[in-house]
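Below, each chain spelled out in residue letters.
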Amino acid sequence: MTPVSRRGLLTAGVGGLLLAGCDRVTSAPSLQRFIGHGQDLSFHAQRLLLAGQPLAREFKPADISPVFKPNGTVRPMTAAYQAIQADNFAAWRLMVDGLVTAPMSFSLAELKAMPSRTQITRHDCVEGWSAIGGWTGVPLAAVLGKVGLKPDARFIVFHCADDLAHSGDDSGLYYESIDLFDAFHPQTILAYAMNGAPLPVAHGAPLRLRVERQLGYKQAKYVVRIEAVDRLDGIMGGKGGFWEDRGYEWYAGI
């Protein structure tokens, strides 16, 4: 059986709801309904279509950029984050819950003990700059395999310790989301190391998302919780991410 891509689905008109790897979100009502409601595609259908998804280009160690500018926040100023940073993240834990069969939390040491992946990829920022970096972390698929997704899970949401809006409460916390195509992609990892060293605070320590086929604002930093959900419209501003709630596109494929 030939693997079916998102682009193939759009071309064939199957549901008209999946976004192609290099296509931007358009104003087409069917695509907007997919982003706004997300429940139109079943978990089982997504899993069947995962095979054969293309990889982002990977580079050699010699290609790593000498300067990799951090995007967004360089150090969260919340009391909770500063407390765990002062303890070198020893007390930090990643909560994974939502539409899962066995909610769990993981320490940084537990994540590092799981099978890891190292990849050298290019980070493309929506502001127009790019840099190549090496990332090591645990594949998101392995973490999701530990907790088990329920059949009605459609999206994976990443909640962060970064109050980017300087709101002083949870209303300004950074968050992002991806669908199951990207969640189970082999290059989608929860990175705890950069260029062979522990992940710097400016780049999201202790844990950040790397979803290599999308633009930089999708690479959520300072991740503290992962939530499986069936729809996005009930979370924060309802568009699937901090910048999406402010007008950015939900699918930022490159």
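Residues numbered from 1 in each chain as written. Predicted model: local features only at pLDDT ≥ 70, side-chain atom pairs only at ≥ 80, totals over all residues. Heavy atoms only, no water.

Caption draft 1: Representation of the overall build of the chain in the model. Looking only at helices and strands, one finds seven helices and 10 strands in the chain. The contacts in the chain between residues at least 6 apart in sequence include a share of 68% that link residues at least 24 apart. If you sum the accessible surface of the chain, you get close to 11200 Å²; carbon and sulfur atoms cover 57% of it. (Helix = DSSP H or I, 4+ residues; strand = E, 2+ residues; numbered from the N terminus. Contact = heavy atoms within 4.5 Å. Areas by Shrake-Rupley, 256 points an atom, 1.4 Å probe, with all protein chains shown as cover.)

Caption draft 2: Representation of unusual backbone geometry within the structure. Cis geometry marks the peptide bond from Ala205 to Pro206; its omega dihedral reads 5°. With respect to the helices, strands and loops of the structure, Pro206 is situated in the loop between strand S8 (197-198) and strand S9 (208-211). Even without being glycine, Asn88 reaches a positive phi, approximately 55°. With respect to the helices and strands, the residue Asn88 is situated in the loop between helix H4 (79-86) and strand S1 (93-98). Of the residues examined, Asn88 reaches a relative accessible area of 63% and is grouped as exposed. Phi is positive for Phe89, close to 65°, though the residue is something other than glycine. (Buried < 20%, exposed > 50% of the residue type's maximum accessible area, 1.4 Å probe, protein only.)

Caption draft 3: Structural context of the sheet that holds S1. If you walk across this open sheet you meet the five strands as S2-S1-S10-S5-S6, and the pairing is mixed. Since the sheet does not close on itself, it has two edges, and those belong to strand S2 (104-107) and strand S6 (175-179), each with one partner. Within this sheet the neighbouring strands show an average axis-to-axis angle of 20°, counted without direction. Here strand S5 (residues 155-160) runs beside strand S10 (residues 223-229); their pairing, made up of six bridges, is antiparallel. Looking across to S10, one finds that Val157 is bridged to Glu227. Helix-sheet contacts for helix H6 (residues 140-147) involve S1, S2, S5, S6 and S10, and the interaxial angle to S2 is about 135°. (Pairing = 2+ DSSP bridges. Axes fitted to C-alpha atoms, helices over the stretch in contact; angles between N-to-C directions.)

Caption draft 4: Here's a closer look at the pairing of S6. The element S6 is extensively covered by neighbouring structure, given that five of its five residues are classed as buried. In S6, alternate side chains face the same way, and those of Tyr175, Ser177 and Asp179 on one face and Glu176 and Ile178 on the other are all buried. Two elements, S5 and S6, share five bridges in a ladder whose sense is antiparallel. Pairing of Ile156 across the sheet is with Ile178, part of S6.

Caption draft 5: Layout of the nonpolar core. Core analysis: the biggest nonpolar cluster contains 54 residues, and Leu94, Leu111, Leu140, Ile156, Phe158, Leu190 and Ile226 have the highest contact counts within it. If we skip the residues at most four places from it in the chain, Ile226 touches Leu94, Met95, Val96, Asp97, Leu140, Ile156, Val157, Phe158 and Leu190. Counting residues in hydrophobic clusters, the runner-up holds eight residues, among them Tyr175, Val229, Trp250 and Tyr251. (Core = buried A, V, L, I, M, F, W, Y, C linked by side-chain atoms within 4.5 Å.)

Caption draft 6: Up close: the pattern of salt bridges. Across all of its chains, the model carries 10 salt bridges by this definition. Note that Asp182 and Arg213 form a salt bridge whose closest N and O atoms lie 2.9 Å from each other. Pair noted here: Asp182 is in helix H7 (residues 180-183) and Arg213 is in the loop between S9 and S10, with a separation of 31 residues, a long-range link. When its relative accessible area of 1% is taken as the criterion, Asp182 is described as buried. (Salt bridge = Lys/Arg side-chain N within 4 Å of Asp/Glu carboxyl O.)

Caption draft 7: The packing of aromatic side chains, seen in detail. For the coordinates displayed, the defined rule picks out 10 aromatic pairs. Relative to Trp129, the ring of Phe68 lies with its centre 6.3 Å away and its plane at 85°, an arrangement referred to as edge-to-face. In this pair, Phe68 sits in the loop between helix H3 (43-48) and H4 while Trp129 sits in the loop between strand S3 (117-124) and strand S4 (130-139), placing the two residues 61 residues apart along the sequence. As far as burial versus exposure is concerned, Phe68 and Trp129 are alike and both buried. Seen in terms of ring centroids, Tyr81 and Tyr222 are 5.3 Å apart; in terms of plane orientation they differ by 80°. Their pairing is edge-to-face. (Phe/Tyr/Trp six-rings, centres within 6.5 Å; stacked < 30°, edge-to-face > 60°.)

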